[in-house]
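Residues per chain, in single letters:
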Amino acid sequence: MAGLHCTDCLFSRISLSEKNGEYYGVCTKGYTLNSRYPHECELPSFAKLPESLYPTVDPYGKRYLGKNWVCPDFRKRTRDERISHGDASWT
């Protein structure tokens, strides 16, 4: 799954915080998303770029040590799904 990010996944919801201008994400499968570069932002759950968010804790509260930047539940969004979630620019 090289080159894929949580932003490409059907189960992710990535938003831009109006308060700090940084991105944060939620995984509806229960994974905790954090930034690959935690030193860039005040909180590790925020990222300068949405593609920097990746799963760090699995749905059972254990540290996720995946071999990819996405989890095993990853499902690629179709173009229509990206548009309906307001993130058509993340192709």
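One can find the structure itself at the top, above this paragraph.
Residues numbered from 1 in each chain as written. Predicted model: local features only at pLDDT ≥ 70, side-chain atom pairs only at ≥ 80, totals over all residues. Heavy atoms only, no water.

## Overview of the nonpolar core
- C6, I14, Y23, C27, Y31, L33, A47, L53, Y64 and C71 form the largest nonpolar core, which has ten residues in total.
- Setting aside its immediate chain neighbours within four residues, Y31 contacts P55, V57, D58, P59, Y64, C71, P72 and D73.
- With five residues, the next largest nonpolar core counts L4, F11, V70 and F74 among its residues. (Core = buried A, V, L, I, M, F, W, Y, C linked by side-chain atoms within 4.5 Å. Buried < 20%, exposed > 50% of the residue type's maximum accessible area, 1.4 Å probe, protein only. Contact = heavy atoms within 4.5 Å.)

## Digging into the side chain of H5
- Relative to the helices and strands, H5 resides in the segment before β1 (12-16).
- A distance of 2.9 Å separates a polar atom in the side chain of H5 from a polar atom in the side chain of R36.
- Once residues within four sequence positions are removed from consideration, H5 is found in contact with R36, E51, V70 and F74. (Helix = DSSP H or I, 4+ residues; strand = E, 2+ residues; numbered from the N terminus. Polar contact = N/O pair within 3.5 Å; in protein donor to acceptor, adjacent residues only side chain to side chain.)

## Focus: the side chain of T56
- Tracing the chain through its elements places T56 in strand β5 (residues 53-57).
- Among the polar contacts listed, one links the side chain of T56 to the side chain of N34, at a separation of 2.8 Å.
- If near-sequence neighbours (up to four positions away) are discounted, T56 is found in contact with T32, N34, K62, R63 and Y64.

## A closer look at the pairing of β1
- Direction of pairing for β1 relative to strand β2 (residues 23-27): antiparallel, over a ladder of five bridges. Paired with L16 across the two strands is Y23, which belongs to β2.
- In this structure, the hairpin formed by β1 and β2 is closed by a connection of six residues, where G21 is found at a positive phi of approximately 70°. (Pairing = 2+ DSSP bridges.)

## Side note on the environment of Y60
- With respect to the element layout, Y60 can be found in the loop between β5 and α1 (79-84).
- Along the sequence, Y60 and Y31 sit 29 residues apart, while their C-alpha atoms lie 8.5 Å from each other.

## Examining the packing of aromatic side chains
- Summed over the entire model, instances satisfying the criterion amount to three aromatic pairs.
- Between Y31 and Y64 the ring centres are 5.4 Å apart and the planes differ by 80°, which places this aromatic pair in the edge-to-face class. With Y31 in the loop between β2 and β3 (32-35) and Y64 in the loop between β5 and α1, this residue pair connects regions lying 33 residues apart in the sequence.
- Owing to a relative accessible area of 17%, Y64 belongs among the buried residues under this scheme.
- With a centroid separation of 5.0 Å and an interplanar angle of 90°, the aromatic rings of Y54 and W69 are classed as edge-to-face. Taken together, the residues Y54 in strand β5 and W69 in the loop between β5 and α1 connect sequence positions 15 residues apart.
- Y54 gets classed as partly exposed once you look at its relative accessible area, which sits at 22%. (Phe/Tyr/Trp six-rings, centres within 6.5 Å; stacked < 30°, edge-to-face > 60°.)

## A word on the pattern of salt bridges
- Evaluated as defined, the whole model comprises one salt bridge.
- Residue E22 pairs with K48 through a salt bridge whose shortest N-O separation is 4.0 Å. Separated by 26 residues along the polypeptide, E22 in the loop between β1 and β2 and K48 in the loop between β4 (46-47) and β5 bring together distant segments of the chain.
- Looking at E22, the relative accessible area reads 10%, which means it is buried.
- For K48, a relative accessible area of 45% gives the class partly exposed. (Salt bridge = Lys/Arg side-chain N within 4 Å of Asp/Glu carboxyl O.)

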